[in-house]
Amino acid sequence: MKRYLDVYKQGMYSALQSAAAYRMNFIVSSLITLAGNILFPLVTLLIYRAGTSFPGWSLYEVLLIQSVFTMSNGLSSLIFGGVLWTTMSHVREGSFEVILLKPLNPLFFIVATTFSIDSAGLFLGGVSLFIFSAMHVGAIPVLYWLQFAGMFIAGTAVLAGLTLMMAAISFKWVGNSRISELADSVLHIGKYPLPIFPKAVQAAATMIIPVGMVGFLPASALLGRMHASDYAAILPCFLFLAAGIWIYRHMIRLYEGVGG
Amino acid sequence: MNSFKQKWLICRTVADVTYKEWSAYRTHSMVSIIVGPVYFMVQYFIWTAVYGDHPSLGGIELPQMIRYFGATALIGYLTMDFADWNLSMLVRTGKFLTFHLRPIHHRSFALFQKIGHRSLGFLFEFLPCLLIFIFIFGVDMRPASLPWTILSVLLAFLMNFYVNYTIGLTSFWLVQSGGLRSAFMLVSGIFSGALIPLDFFPHWLQMSQFFLPFQYLAYLPAMVFTGHYSLGGFELSIGQAVGIQAIAVLVTFGFNELVRRLAMKQFTAVGA
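Residues numbered from 1 in each chain as written. Chains lettered and ligands numbered in written order. Predicted model: local features only at pLDDT ≥ 70, side-chain atom pairs only at ≥ 80, totals over all residues. Heavy atoms only, no water.

In the annotation of an unreviewed UniProt entry, chain B is listed under the name ABC-2 type transport system permease protein and assigned to Paenibacillus jilunlii.

Per an unreviewed UniProt entry, chain A goes by the name ABC-2 type transport system permease protein and belongs to Paenibacillus jilunlii.

Brief notes about the UniProt feature "transmembrane region" (unreviewed entry) in chain B
Residues and elements named next belong to chain B. Here, the residues flagged by UniProt with the feature "transmembrane region" (unreviewed entry) are residues 30-53, 65-83, 120-139, 146-167, 179-198 and 237-255. Here residues 65-83 runs as 84% helix and 0% strand, with 31 Å between its end C-alpha atoms. Helix makes up 65% of residues 179-198 and strand 0%, with an end-to-end C-alpha separation of 25 Å. (UniProt positions renumbered as here; feature names shortened; annotations may be inferred. Helix = DSSP H or I, 4+ residues; strand = E, 2+ residues; numbered from the N terminus.)

Side note on the interface of chain B and chain A
Often the size quoted for an interface is simply the accessible area lost on bringing the parts together. Of the residues lining the interface, 29 residues belong to chain B; the matching set on chain A comes to 33 residues. Buried surface at the junction of chain B and chain A, both sides included, amounts to about 2,600 Å², of which 77% is carbon and sulfur. The tally of links from chain B across to chain A stands at one salt bridge. A salt bridge links Glu125(B) to Arg178(A); the shortest N-O distance between them is 3.2 Å. Mapped onto the side of chain B that touches chain A, the elements with two or more residues apiece are α2 (26-29), α3 (32-51) and α10 (178-191) of chain B. (Contact = heavy atoms within 4.5 Å. Buried area = accessible area lost by both parts, 1.4 Å probe. Salt bridge = Lys/Arg side-chain N within 4 Å of Asp/Glu carboxyl O.)

A closer look at the nonpolar core
Of all hydrophobic cores here, the largest spans 163 residues; its most connected members are Phe54(A), Tyr248(A), Trp47(B) and Tyr229(B). Ranked by the residues each element gives to this core, the list is headed by helix α4 (residues 59-93) of chain A, at 14 residues. Leaving out residues up to four positions away in the same chain, Tyr248(A) has contacts with Val83(A), Thr87(A), Phe96(A), Leu107(A), Ile110(A), Leu164(A), Ala167(A), Ala168(A) and Phe171(A). (Core = buried A, V, L, I, M, F, W, Y, C linked by side-chain atoms within 4.5 Å. Buried < 20%, exposed > 50% of the residue type's maximum accessible area, 1.4 Å probe, protein only.)

Notes on the UniProt feature "transmembrane region" (unreviewed entry) in chain A
Residues and elements named next belong to chain A. Per the UniProt annotation, the sites labelled "transmembrane region" (unreviewed entry) are residues 21-43, 63-86, 107-132, 144-169, 200-219 and 231-248. Secondary structure content for residues 200-219 is 65% helix and 0% strand, while the C-alpha to C-alpha distance between its ends is 21 Å. The distance from the first to the last C-alpha atom of residues 231-248 is 27 Å, and the span holds 83% helix and 0% strand.

Comments concerning the confidence of the model for chain A
Per-chain confidence: chain A averages 89 in pLDDT, with 98% of residues scoring 70 or above. For chain A, the element scoring lowest by mean pLDDT is helix α2 (residues 23-39) of chain A, at 73; helix α11 (residues 216-222) of chain A scores highest, at 95. (pLDDT = per-residue confidence, 0-100.)

A word on the packing of helix α4 (residues 62-79) of chain B against helix α7 (residues 106-135) of chain B
Residues and elements named next belong to chain B. For the pair α4 and α7, interaxial distance at closest approach is 7 Å and the crossing angle is 155°. By the angle between their axes, α4 is roughly antiparallel relative to α7. Residues Gly 70, Ala 73, Leu 74, Tyr 77, Leu 78 and Thr 79 of α4 form the contact with α7, whose own contacting residues are Lys 114, Arg 118, Phe 122, Glu 125, Phe 126, Cys 129, Leu 130 and Phe 133. Considered class by class, the residues forming the contact of α4 with α7 number nine nonpolar, two polar and three charged. (Axes fitted to C-alpha atoms, helices over the stretch in contact; angles between N-to-C directions. Parallel < 35°, antiparallel > 145°, perpendicular 65-115°, else oblique. Nonpolar A, V, L, I, M, F, W, Y, C, P; charged D, E, K, R; others polar.)

Side note on the layout of surface pockets
To find leftover empty space, a probe the size of one water molecule is rolled over the atoms. All names here are of chain B. Looking at the second largest pocket, its volume works out to about 580 Å³. Taken together, 22 residues form the lining of the second largest pocket, with Leu 78, Phe 122, Phe 126, Ile 150 and Val 153 sitting closest to its centre. Taken together, the elements giving at least two residues each to the lining of the second largest pocket come down to α4, α7 and α8 (146-169). Its residues assigned to classes, the lining of the second largest pocket shows 18 nonpolar, two polar and two charged. (1 Å grid on protein atoms, 1.4 Å probe; cavity = no way out; pocket = protein on both sides within 12 Å on 5 of 7 lines; lining within 4 Å. Points joined across faces, edges and corners; volume = space filled by probe spheres on them.)

Side note on α7(B)
Across its 30 residues, α7(B) extends 41 Å between first and last C-alpha, which sits within 8% of the 44 Å expected from 1.5 Å per residue. Its maximal kink placed at Phe122(B), α7(B) deviates by approximately 40°. (Expected span 1.5 Å × (residues − 1). Bend = angle between axes of the 7 residues up to and from the residue.)

Quick word on the packing of aromatic side chains
Taken as a whole, this structure holds 40 aromatic pairs over all chains when the rule is applied. Ring geometry for Tyr60(A) versus Phe132(A): centroids 5.9 Å apart, planes at 65°, classification edge-to-face. Within this pair, whereas Tyr60(A) is found in helix α4, its partner Phe132(A) is found in helix α7 (residues 120-134), the two being separated by 72 residues in sequence. For the ring pair Phe191(B) and Phe214(B), a centre distance of 6.2 Å and an interplane angle of 40° mean the geometry is tilted. Of this pair, Phe191(B) sits in helix α10 while Phe214(B) sits in the loop between α11 (203-208) and α12 (219-226), and the two are 23 residues apart along the sequence. We note that Phe191(B), like Phe214(B), is buried. (Phe/Tyr/Trp six-rings, centres within 6.5 Å; stacked < 30°, edge-to-face > 60°.)

Structure (C-alpha cells):
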C-alpha cells in the first residue's frame, strides 16, 4: 500500500513540476477554465433574468446544482482526467505494452502518472460558485452537510466510472478523439433539476447511468429535498465505478500491441 | 475563364481527396448521431419546463425555440471548422513551408479541404441528425425560406472559416495559439447563440453583437431558418439580415487578408 502511495505522490509531484516548467501555459489554461466556469451558469442566469424559472427551483438552488456538478467534475478531472487521453494515445501508437511491462497495476500506473493539475481551475471555480450559491439558500443543518458529502463522493465515483468506460472504448474505437463527447452529452442531464425530465430519463439518470448524482442529488441533500428513495441511487454509483474498472481491465486483456 | 476552370478543378480535387481521407474515420463523425440528439433532448426538456405557462419568452414561442435549437445543431455540422488548429500545427512544426512553395494559396487549400470535410459531415452528421429530429422528436425542420437559409448557412460556413483562419495566423507570432483558440471557442459558444438565443441577453450585449463575428456563425442563420430575425430591438427582414451577414463576411475576409500579409512578413523557415 505504501508503495502505491509513494508512486502516486511522485506522480503528483511530477505533474506539479511539469506545470511549473510551462507555467505560462498553465496559468492561461487555468484562467480560461476559470472563465468557463463563470460563464457556464450564464444560461441559467439569463433564463431567470427573463422572468421565468425551472418550476419549483429558485435561481440560487439551480446554481447550487451546477456548482456541485462543476466541483465534482473538477475533482474527477484532477484524479482521472488524463486516463482517457493517455490510454487513447498509447493504443493509437501501439505503445501500451510499455505500461503493461511496469511492475504495477496498469490502471493505477496510468491514474498516478496523469494527475491533471490543469483541472485545479475547474475545481476551484466550482468551489467559488458553490460558496456563493450556498450563502443564498439559507442555513444548512449539519446532517444535510453529511448527506451531501456522501452523495458528492458517489457522484465523483460516477464520473470516474464514466471516464474509465470511455477510456475502455478507446481500446477498440482507436484514435477517436470524440469519445469524450459521448460522456459529456450524457452528463449534460446532471446539470439541471432532474424533475424537469420525464420519469424514464429520471430513472435512467439515477439507476442506470447515475449522472443525477453528479450535481442534482448532492445539491438536493443540501437543500433538504431528498426523498427516502433517493438513497437507493448511491449503490448504483459505486457499481458504475466498479463496472468502469472491470471493463477497462477487460479491454487491457483484449489489447493487441505491435511491440511498443 | 481558364483560371476559374483551373481553380474549380483544384477545389474539386482537394475536396475529393479530403473527403476520401476523412472517410476512413467516418465513424468519428458518426459520434454526432448520438451526441447531437442527446444535447437536443436536454434542450427540449429544459425549454419545455422553462416556458411553463409563458406563451413566449424573449419574443420567441416554444415551437420556434425548439426549431431554433434543432437548426443551430444542424448548422453546426455544416459549418464546423478547425482551420485554426491545422494552421497552428503547420506553423509550429515548420510544415507550412511545404505549402508556401506550392502554386496554390494555403488559405484556398484549407478552404477546399473544409468543403471536402464538411461534405462528409453532411452525409454522416447532418442527414442522420435531421432525420432523428424530424421522425423521432417530431420537430418541423422545414426552413421558412430554403434559398435564404442555404445562402445564410454558406455565409456562416465562410465566416467560421475566415475567423478560425485568422486565429490560426496568430501562430506566426505566438507559435502555439491553443490558448487563444480555447478562449475564442469559449466566448463564441455563448455569443454565437448556440447555448441560448441572443434575445435573452441584455440590450447592450445584443447591440454589440452586430459588430462582433459570433452571431453570424449560428444565431443569424438559425433565425433565418425560422423566418424571423430580431436583435437589440431591430426587426430585420430575412433579406436584410442575410445582407448584413454578407457584409460581415466581407469585412472579416478583409481583416483576414490584412493579418495574413503581416503574418507572411513574420514567417521564417529552415527547410522542413
